[in-house]
Structures are given as C-alpha cells and as structure tokens.
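# Reading the structure
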Amino acid sequence: MNKWLEVSPVEYVSDKSPKLLVISSGQHRFTAGREVIKGKIETHNGVFQLIEYPKIIHTFWLFDPYLTAVSKQITSFLATK
C-alpha cells in the first residue's frame, strides 16, 4: 500500500469512527481532503463539523480573541452526542 494511504485518516473511517471537528484557517492546504473525510464519515452516519476562520493565518487559534472562541467551540462540540 502507498505510504500516503497508510497514514491517511480517510482510509480508516468506519462506523466506529468518533465524531470529527475541523477548525480551519483560510489556508486550505492545512485541511486538504476534508471534503473526502466528511463524505466518508457521513456515509457511516457519523458527525463531522467544520468551523472556518477565513482570511486569517493558520496559527490564529493560539492567540486571543481566537483562543477563547476556539476553546468554547471545542468544548461545545465535545458536549454534543
């Protein structure tokens, strides 16, 4: 098997996969393949949520006011079933 496929989370999605939250900047190269994994998760009736902060640097979540907002979004996502 190709090494890229061996390490790709997309290849391991199943009905036992946990819900997935993707929080992304406007730099799409950091979340390449998110539509593919979203489709696979939804095929298995799983939960996928995407939160985007467009037009911002990738490390935005390390600094306020984004740190606080992202922390709340993660906490809220983890509290859902």
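Residues numbered from 1 in each chain as written. Predicted model: local features only at pLDDT ≥ 70, side-chain atom pairs only at ≥ 80, totals over all residues. Heavy atoms only, no water.

Per an unreviewed UniProt entry, the protein goes by the name Alpha/beta hydrolase fold-3 domain-containing protein and belongs to Psychrosphaera algicola.

Moving on, we come to the side chain of Thr31. Within the secondary structure layout, Thr31 lies in the loop between strand E1 (20-25) and helix H2 (34-43). On the basis of relative accessible area, Thr31 is assigned to the buried category, the value being 13%. A distance of 2.8 Å separates the side chain of Thr31 from the side chain of Arg34, its partner in a polar contact. Setting aside chain neighbours within four positions, we find Thr31 in contact with Val22 and Ser24. (Helix = DSSP H or I, 4+ residues; strand = E, 2+ residues; numbered from the N terminus. Buried < 20%, exposed > 50% of the residue type's maximum accessible area, 1.4 Å probe, protein only. Polar contact = N/O pair within 3.5 Å; in protein donor to acceptor, adjacent residues only side chain to side chain. Contact = heavy atoms within 4.5 Å.)

Glancing now at H2. For H2, the full list of buried residues reads Arg34, Ile37 and Ile41. Buried residues of H2, seen end-on, are gathered within an arc of 65 degrees and therefore sit on one face of the element. Facing away from the buried surface of H2 by more than 90 degrees, the exposed residues are Glu35 and Thr43. Residues of H2 that are buried in the fold lie against E1 and strand E2 (48-53). Asn45, located one to two residues past H2, shows a positive phi value of around 60 degrees. (Arc of directions from axis to C-beta.)

Turning to the packing of aromatic side chains, a few remarks are in order. Summed over all chains, the structure comprises 3 aromatic pairs. Ring centres 5.6 Å apart and planes at 90 degrees place the aromatic pair Tyr53 and Tyr66 in the edge-to-face group. With Tyr53 in strand E2 and Tyr66 in helix H3 (residues 66-79), the pair connects residues that are 13 residues apart, well separated along the chain. Looking at Tyr53, the relative accessible area reads 15%, which means it is buried. Residues Phe60 and Tyr66 carry aromatic rings whose centres are separated by 5.7 Å and whose planes lie at 90 degrees to one another, so their mutual orientation is edge-to-face. Overall, Tyr66 belongs to the partly exposed group, its relative accessible area being 29%. Ring-pair connections join several aromatic residues into one group, and the members of that group are Tyr53, Phe60 and Tyr66. Sitting over the ring of Phe77, Lys19 keeps its end group 5.0 Å from the ring centre. (Phe/Tyr/Trp six-rings, centres within 6.5 Å; stacked < 30°, edge-to-face > 60°. Lys NZ or Arg CZ within 6 Å of the ring centre and 35° of its normal.)

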